[in-house]
Amino acid sequence: MTDNNTTNSLFFTNRDGNTLMKQFQGVLEQNDSVKNFDAVVGFLRASGYFALRPFLDSINRVRVLIGIDVDKYIARAAQHRELFVGAEEEVKEECLQQIKADIESSNYSKQVEEGMLQMVQDLIDGKLELRAHPSKKIHAKFYILYPDNYNQHCFGAAITGSSNLSGNGLGITEERQYELNVKLTQYDDVQFAKNEFELLWEEAKNVPINAEDYQATLDKTYLKGDVTPYELYIKMLMEYFSDRVLAIDQDNPFDMPEGYSKFDYQADAVVEGYQKLIRYDGFFLADVVGLGKTVIATMIAKKFLIENGKIIKFAN
């Protein structure tokens, strides 16, 4: 039986450091003629792009086609007895929502933040182009690296398999998934993949993800950079005490978290205090130490939120 690590197989996994990232690095560092990078992926992760970005400096054009699950849109058309020809607006919005979710769930680091901002700059510069396919559920993942004016006398490579353009797919994360990919360099194979990409890319011409779209998505996350110290403090409290907050009835201002006692005099104070708040736009909550002024004020704030749908800001 032959050891897989010693064969000349075109297949590779992410075992023993033989990752998709290493394959990209080898091709890009050893072949200065390669100027184009095309990718068809199921989803795009900023963790994948920013990790690959340092090796793309010599690349003139990066095109990424994102395949979105369109089954639900096809089913909706069938329910209305309509012919499904695509869902451009829905697909674009879903793609941007996925990008937003990726940003919010990524472990923070300066490298992650800079990589996400670099994507915006690459879109502005025209180095990076993004599209989402509006009518096909694309399960295939493949990558094509080739020079300008590619022909049978030039070096090119097509990599296809299970890896998405993500940290897991590239094999750079600690929780590595098992991936199986193959790298092809024969002209006919690379040209076939290139032709397929061009067909899919043309079909997705009405769903571009431009710099304005991506920037608007970033502005809905912490990367906008407009969070005040007070809002950050409230967010910290929400995260730290989330298990206690979620354990109580969100629609009942008098419901108490586990471990707190409920006293009638506090409920009476909430009712009276809330009435004064509505009538006079404020009141003094003064009582002796230990009777639960913080608890009462919190229940009043919760009741105000339930009744008015707004957050109150207290001035010092």
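No experiment lies behind these values; they were computed from the predicted model shown.

A description of the nonpolar core should follow, citing residues and the corresponding values.
Residues Phe24, Phe37, Val64 and Tyr214 are the most contacted members of the largest nonpolar core, which totals 46 residues. Beyond its immediate chain neighbours, meaning those up to four positions away, Phe24 contacts Phe37, Leu52, Tyr143, Leu145, Ile159 and Leu170. Core analysis: the second largest hydrophobic core is formed by 14 residues, Leu65, Tyr146, Val190 and Leu200 among them.

Please provide a residue-by-residue account of the environment of Met119, values included.
Among the structural elements, Met119 can be located in helix H5 (residues 110–125). Judged by its relative accessible area of 1%, Met119 falls in the buried class. Residues Met119 and Ala211 lie 92 residues apart in sequence; the distance between their C-alpha atoms is 8.4 Å. The residues touching Met119, leaving out its near neighbours within four places in the chain, are Leu44, Ala46, Tyr49, Leu128, Leu130 and Tyr214.

A description of the packing of aromatic side chains should follow, citing residues and the corresponding values.
Evaluated as defined, the whole model comprises six aromatic pairs. Seen in terms of ring centroids, Tyr146 and Tyr150 are 6.3 Å apart; in terms of plane orientation they differ by 55°. Their pairing is tilted. Take Tyr146 and Tyr150: they sit in the same class, and that class is buried. Judged by centre distance (5.5 Å) and plane angle (20°), the rings of Phe197 and Trp201 are stacked.

Any chance you could break down the pairing of strand E3 (residues 61–67) for me, citing the residues and the numbers?
Of all seven residues in E3, six are buried, a share of seventy percent or more. Pairing of strand E2 (residues 36–41) with E3, which is carried by six bridges, proceeds in the parallel orientation. Along E3, the bridge assignment pairs Asn36 with Arg61. Here six bridges tie E3 to strand E4 (residues 128–133), and the two strands are oriented parallel to one another. Considered in E4, the bridge of Leu65 is made with Arg131.

For the packing of helix H4 (residues 88–105) against helix H8 (residues 211–218), give the residues involved together with the corresponding values.
Between H4 and H8, whose axes approach to 9 Å, the crossing angle comes to 45°. Of the possible angle classes, the one that applies to H4 and H8 is oblique. Note on packing geometry: the crossing formed by H4 with H8 is right-handed. Contact with H4, carried on its side by Lys92, Leu96, Ile99, Lys100 and Ile103, involves Asp213, Tyr214, Thr217 and Leu218 of H8 and no other residues of that element. Its residues placed into classes, the contact of H4 with H8 shows five nonpolar, one polar and three charged.

Calculation criteria
Residues numbered from 1 in each chain as written. Predicted model: local features only at pLDDT ≥ 70, side-chain atom pairs only at ≥ 80, totals over all residues. Heavy atoms only, no water. Core = buried A, V, L, I, M, F, W, Y, C linked by side-chain atoms within 4.5 Å. Buried < 20%, exposed > 50% of the residue type's maximum accessible area, 1.4 Å probe, protein only. Contact = heavy atoms within 4.5 Å. Helix = DSSP H or I, 4+ residues; strand = E, 2+ residues; numbered from the N terminus. Phe/Tyr/Trp six-rings, centres within 6.5 Å; stacked < 30°, edge-to-face > 60°. Pairing = 2+ DSSP bridges. Axes fitted to C-alpha atoms, helices over the stretch in contact; angles between N-to-C directions. Parallel < 35°, antiparallel > 145°, perpendicular 65-115°, else oblique. Left-handed = near helix turned anticlockwise from the far one by under 90°. Nonpolar A, V, L, I, M, F, W, Y, C, P; charged D, E, K, R; others polar.

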